[in-house]
Amino acid sequence: MKYMKLAEFYQFLEGTTSRIEMTNALVKLFQETPKNLIDKVVYLSIGRIAPEYTGLDYNFSEKSAIKAISAVLGISEHNVQQKIVETGDLGDAGKELFEKAGIKAGGSLTVEEVYDTLRKIAETTGYGSTKKKMELFISLLKKASPLEVKYLLRTITERLRLGIGDNTIMDALSIAFTGKKENRAIIERAYNISSDLGYVASVLAKEGLKGVERIKIQIGRPIRPMLAERMAIPSFILKKLGGKAGAEYKYDGERIQVHRKNDEFYLFSRRLENITNQFPDLIEFLKESIPQECILELEAVVIDPSSGAIRPFQDLMNRRVKYVTRFHIMMYPVAGFIFDIMYLNGEDLTMKPYPERRKILEEQIKITDRVNLATRKVVDNVEDLESFFLEAIENGCEGLVCKSLQRDSIYQAGKRGFLWIKYKRDYKSHLADTLDLVVVGAFYGKGQRTGYFGSLLMACYDPETDQFKTVCKVGTGFTEDDFKKLDEILSKHQINHKHPRVNSILTADIWYEPFLVLEITGAELTLSPVHTCGWDKIKLNRGLGLRFPRFTGRYRFDKRPEDATTEKEIIQMYKNQLQIRV
Ligand code: ATP
């Protein structure tokens, strides 16, 4: 298959803002892709070389890309720089320079060759790797047409902003290989337990839906996390859970999915990055405590080893560094509180009800100073739930996660549902919880903050339409340091038009691709004529907006944009708010 076909597909996507057109184009592409290449085409379309959890990245800077163009065309790096300033984009600059040099459509590059070479570039590490990566990339540029150059440059520098989300890919796969969108649920289940869309696509293309149904949990491949709904009134929580709940402390730390097979360990973050190297100390503690072959989940927190008391969340953030040293381990000692188990000695436990999974944990885990089970209590009345909640807060937790004890309380991978209900009360406002919103744009500041933005346009996520819908403009809660930090992060994600997956009535001064998630608090949710979250769903021609929004200071690097608070959750929060007031 010619790489030109992909390049033309990318070009088409760049010009469309309609999700239906995007899905149709993907369906056509998948149908025309040879079965043995489908996984590669999926990865390349989402701008990756392998699933995120492999941690495989190109590590190829814009500077290196400039060097490569200059070497192939025999022009100075300065000239390339100038073209980038002129066009505002590395890919466009590369394309124009190749056109100017009289390079015609190449046409010889194949998807196989591009994928294999890019993969080699990603896998090349260590001494001399920069040179080796450069040689490999130059070999591709030499065979590429200007249009292919544009997308090779964007791919290698991880800036291929096509805006295709997982949900759009799953819809397209379902239509392309089964003829209808309804089979998406089967594809989604396989994705939820494997976190690898390329692999699922490949099985689907080669073995059909039956093959996809046979996909099993595997050590080393993360399971997409089960998530909780939120409620603010204990009596409602109990009612929703059938009068009785397994209430567990909600530790305020980092969620970690642990995979173990004998001495082989993998740790995955909430957004399924491989973070095994960040917690060598925790792995040592786990070796003593957990079964030889299992997958389980815990919340890691920093503790005071002498008292066992939990230290604030900020302390744990100091452990979020690329290279953990003895200093980090000594200064910020961690403990793990295990709250679920999904796999044990070859057996998938996700379909077992929560009480059974908890019982297995109680039988299998050896409790030590550093590894414990989440503290829990079975409650069946409001007073007990309230006092357990206060006890959790007293012990440094955020609140409770109340879990269903019913027969259907399975581990719902990749789903947010009412089998788990979080109860975090924010006494200061009507809001029952903070919101995790995605930055999609910015408005210039006036006065003091000139040079930085004045406020950020924040959006929630709607998985139904795979879109980001606006909820508020936030300009308070930021420190000077935050402005600098945000400017640095966001400048890498600036685009010159509204992102195709952003649904906004407001026109921002600067647009960003949805990337960064921030925790936002506010006074209350109200009907809004300008925000698109919940549009027409509560009242015609009205959406929902957050009043008096404020940044809490918490960057949610652990969340992908698709993990942001959803439109459905915000609508529910709005309704709950009304109930509190009556
Ligand atoms: P939040 O921002 O409230 O942590 P979230 O979107 O990361 O929310 P939710 O599923 O909504 O995740 O809330 C549950 C989160 O609480 C889990 O992701 C996990 O990190 C944390 N947690 C702490 N203790 C527990 C527990 N005992 N059981 C389940 N989750 C727990």
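Conventions adopted
Residues numbered from 1 in each chain as written. Predicted model: local features only at pLDDT ≥ 70, side-chain atom pairs only at ≥ 80, totals over all residues. Heavy atoms only, no water. Helix = DSSP H or I, 4+ residues; strand = E, 2+ residues; numbered from the N terminus. Rg over C-alpha atoms; globule rule 2.2 N^0.38 Å. Buried < 20%, exposed > 50% of the residue type's maximum accessible area, 1.4 Å probe, protein only. Near = heavy atom within 4 Å. Polar contact = N/O pair within 3.5 Å; in protein donor to acceptor, adjacent residues only side chain to side chain. Areas by Shrake-Rupley, 256 points an atom, 1.4 Å probe, with all protein chains shown as cover. 1 Å grid on protein atoms, 1.4 Å probe; cavity = no way out; pocket = protein on both sides within 12 Å on 5 of 7 lines; lining within 4 Å. Sits in = over half its atoms within 2 Å of the grid points. Points joined across faces, edges and corners; volume = space filled by probe spheres on them. Domains from an automatic or database assignment. Patch = residues over 30% accessible without salt bridge, like charges linked within 9 Å, V, L, I, M, F, W, Y side chains within 5 Å. Salt bridge = Lys/Arg side-chain N within 4 Å of Asp/Glu carboxyl O. Arc of directions from axis to C-beta. Contact = heavy atoms within 4.5 Å. Pairing = 2+ DSSP bridges. Axes fitted to C-alpha atoms, helices over the stretch in contact; angles between N-to-C directions. Phe/Tyr/Trp six-rings, centres within 6.5 Å; stacked < 30°, edge-to-face > 60°. Lys NZ or Arg CZ within 6 Å of the ring centre and 35° of its normal. UniProt positions renumbered as here; feature names shortened; annotations may be inferred. Nonpolar A, V, L, I, M, F, W, Y, C, P; charged D, E, K, R; others polar.

(A) Fine view of the overall build of the chain. A tally of helices and strands in the chain yields 20 helices and 21 strands. The C-alpha atoms of the chain give 25 Å as radius of gyration, which agrees with the globular expectation for 582 residues (25 Å, within 12%). Taken along its principal axes, the extent of the C-alpha atoms in the chain is 80 × 55 × 55 Å. Per-residue burial over the chain gives 57% buried out of 582 residues.

(B) Summary view of the site of the ligand. Close contacts around the ligand come from 20 residues, with A228, E299, K422, R556 and K559 the closest. K559 is positioned such that a nitrogen or oxygen atom in its side chain is 2.6 Å from an oxygen atom of the ligand. In isolation the ligand offers 590 Å² of accessible surface; the protein chains occlude 96% of this area. Using a 2 Å cut-off from the grid points, one finds that the ligand occupies the largest cavity. Listed by contribution, the elements that provide at least two residues to the shell around the ligand are β1 (227-230), β2 (245-250), β10 (399-404) and β11 (416-423).

(C) Examining empty space enclosed by the protein more closely. One pass over the full model with this rule turns up six cavities of 30 Å³ or more. There is about 600 Å³ of room inside the largest cavity. As for the largest cavity, its lining consists of 35 residues, and the residues nearest its centre are K250, R255, R270, E299 and R556. Only β1, β2, β3 (254-261), α15 (313-317), β10, β11 and β21 (550-555) provide two or more residues apiece to the lining of the largest cavity. Residues lining the lining of the largest cavity come from more than one domain, with at least three contributed by each of domain 2 (227-423) and domain 3 (435-581).

(D) Region of the structure containing a nonpolar patch on the surface. Taken together, the side chains of F327, M330 and M331 make up a nonpolar region of the molecular surface, amounting to roughly 340 Å² of accessible area. Topologically, F327 is positioned in helix α16 (residues 326-331). Owing to a relative accessible area of 48%, F327 belongs among the partly exposed residues under this scheme.

(E) How the structure looks around helix α5 (residues 77-87). Buried within α5 are the following residues: V80, K83 and I84. With its buried residues spanning 105 degrees around the axis, α5 presents them on a single face. The outward face of α5, more than 90 degrees from its buried face, is lined by the exposed residues H78, V85 and E86. Elements that come into contact with the buried residues of α5 comprise α4 (62-73) and α6 (90-100). Looking at the residues trailing α5, positive phi occurs at G88, about 80 degrees.

(F) Fine view of the pattern of salt bridges. Scanning all chains against the criterion turns up 52 salt bridges. Across the pair D340 and R357 runs a salt bridge, and its minimum N-O distance is 2.7 Å. Of the two residues, D340 is situated in strand β6 (residues 334-344) and R357 in helix α17 (residues 354-364); the sequence distance between them amounts to 17 residues. Residue class for D340 comes out buried when judged on its relative accessible area of 1%. Of the residues examined, R357 reaches a relative accessible area of 1% and is grouped as buried. Between E356 and K352 there is a salt bridge whose closest N-O contact spans 3.8 Å. On the accessibility criterion, E356 (39% relative accessible area) is partly exposed. Salt bridges sharing common partners tie together E14, D89, D92, K150 and R154.

(G) Molecular detail of the sheet that holds β1. Taken in spatial order, the five strands line up as β1-β11-β10-β2-β9 in an open sheet, and their pairing is mixed. Bordering the open sheet on either side are β1 and β9 (376-379), each of which pairs with just one other strand. Taken pair by pair, the neighbouring strands of this sheet meet at an average axis angle of 40 degrees, ignoring direction. Strands β2, β9, β10 and β11 of the sheet are contacted by helix α18 (residues 382-394), whose axis makes an angle of about 135 degrees with β10.

(H) How the structure looks around the packing of aromatic side chains. Inspection of every chain in the model, using the stated rule, returns 18 aromatic pairs. Between F478 and F483, the aromatic rings sit 5.6 Å apart at their centres with planes inclined by 45 degrees, giving tilted as the arrangement. F483 carries the same exposure label as F478, and that label is buried. One aromatic cluster is present, formed by F453, F478, F483, F551, Y555 and F557 through successive ring pairs. Across the ring face of F443, the terminal group of K473 is positioned such that the distance to the ring centre comes to 4.2 Å.

(I) Layout of the UniProt feature "binding site: ATP" (unreviewed entry) in the chain. Under the local residue numbering, the UniProt record ascribes the feature "binding site: ATP" (unreviewed entry) to E248, R255, R270, E299, F339, R416 and K422. Lining residues of the largest cavity, restricted to the annotated ones just named, are E248, R255, R270, E299, F339, R416 and K422. Its place among the elements puts R270 in the loop between β4 (264-268) and α14 (280-289). Position of R416 among the secondary structure elements: in strand β11. Judged by relative accessible area, R416 falls into the partly exposed class, the value being 21%. Side-chain polar atoms of R416 contact the backbone oxygen of A228, separated by 2.7 Å.

(J) Quick look at the layout of surface pockets. In this structure, the second largest pocket encloses a volume near 630 Å³. Taken together, 28 residues line the second largest pocket, and the ones lying closest to its centre are G88, D89, R161, Q494 and I495. For the lining of the second largest pocket, the secondary structure elements donating two or more residues are α1 (3-14), α5, α6, α9 (146-156) and β15 (494-495). When grouped by side-chain class, the residues that make up the lining of the second largest pocket number eight nonpolar, eleven polar and nine charged.

(K) Representation of the environment of F418 in the model. Tracing the sequence through the fold places F418 in strand β11. Distance from F418 to K240, taken between C-alpha atoms, is 7.7 Å for residues 178 residues apart in sequence. Excluding residues within four positions of it along the chain, F418 makes contact with E229, M231, K240 and L241.

(L) Looking closely at unusual backbone geometry. The backbone phi angle of N59 is positive, close to 50 degrees, even though this residue is not glycine. Residue classification places N59 among the exposed residues on the basis of a relative accessible area of 59%. Despite not being glycine, D466 shows a phi value in the positive range, around 60 degrees. The residue D466 is located in the loop between β13 (453-462) and β14 (467-474) in this model.

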